[in-house]
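Fold and contact review
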Amino acid sequence: QVQLAESGGGLVQAGGSLRLSCAASGRTVSRSTVGWFRQAPGKVREFVAAINWIGTITSYADSVKGRFTISRHNAKNTVYLQMNSLKSEDTAVYYCAADEHTYSSRSDEYRYWGQGTQVTVSS
């Protein structure tokens, strides 16, 4: 079993930055794709970014491309999401997810999920 825990969320002004962390425990995620998703109130959960197990392939939603960067430190069993130039529309609960058998932007293809961390961007 893999347990994922997100941290780093908070309240930030538009144009500011935050770095989210996704720490894994219970079992390593060094062989897993890790994705970040987000869900705003009243909206469906949407893909934000993904990174393959070795960190050589990354993908981003068009809405965050050029502003967000996903990275990983396998020795620390942690994946990061650096978020710059934040906008009010980035306000959501952010979740990380992991799976050894996929590289996908589809949330239903990830087996393990964290509890989420709130990001609020004030305009």
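Everything here concerns the structure above.
Our subject in this report is the structure included herewith. (Residues numbered from 1 in each chain as written. Predicted model: local features only at pLDDT ≥ 70, side-chain atom pairs only at ≥ 80, totals over all residues. Heavy atoms only, no water.)

**Remarks on the environment of I57**
In this structure, I57 sits in the loop between β5 (46-51) and β6 (58-60). Residue classification places I57 among the partly exposed residues on the basis of a relative accessible area of 43%. For I57 and S71, which are 14 residues apart along the polypeptide, the C-alpha to C-alpha distance reads 9.9 Å. Sequence-distant contacts of I57, defined by excluding residues within four places in its chain, comprise A50, I51, N52 and Y103. (Helix = DSSP H or I, 4+ residues; strand = E, 2+ residues; numbered from the N terminus. Buried < 20%, exposed > 50% of the residue type's maximum accessible area, 1.4 Å probe, protein only. Contact = heavy atoms within 4.5 Å.)

**Thoughts on the side chain of N77**
With respect to the element layout, N77 can be found in the loop between β7 (68-73) and β8 (78-83). Within the structure, N77 has its side chain in polar contact with the backbone nitrogen of V29 (distance 3.0 Å). Not counting residues up to four positions away in its chain, the partners in contact with N77 are C22, A23, A24, R27, T28, V29 and S30. (Polar contact = N/O pair within 3.5 Å; in protein donor to acceptor, adjacent residues only side chain to side chain.)

**Details of the state of the cysteines**
Two cysteines, two sulfur atoms, one covalent bond between them: this is a disulfide. Taken as a whole and judged by the stated rule, the model has 1 disulfide. A disulfide bridge connects C22 with C96, and the sulfur atoms are separated by 2.1 Å. Judged by the sign of its S-S torsion, about 70°, the bond between C22 and C96 is right-handed. Of this pair, C22 sits in strand β3 (residues 18-25) while C96 sits in strand β9 (residues 92-99); the two residues are 74 residues apart in sequence, bridging distant segments of the chain. (Disulfide = S-S within 2.5 Å.)

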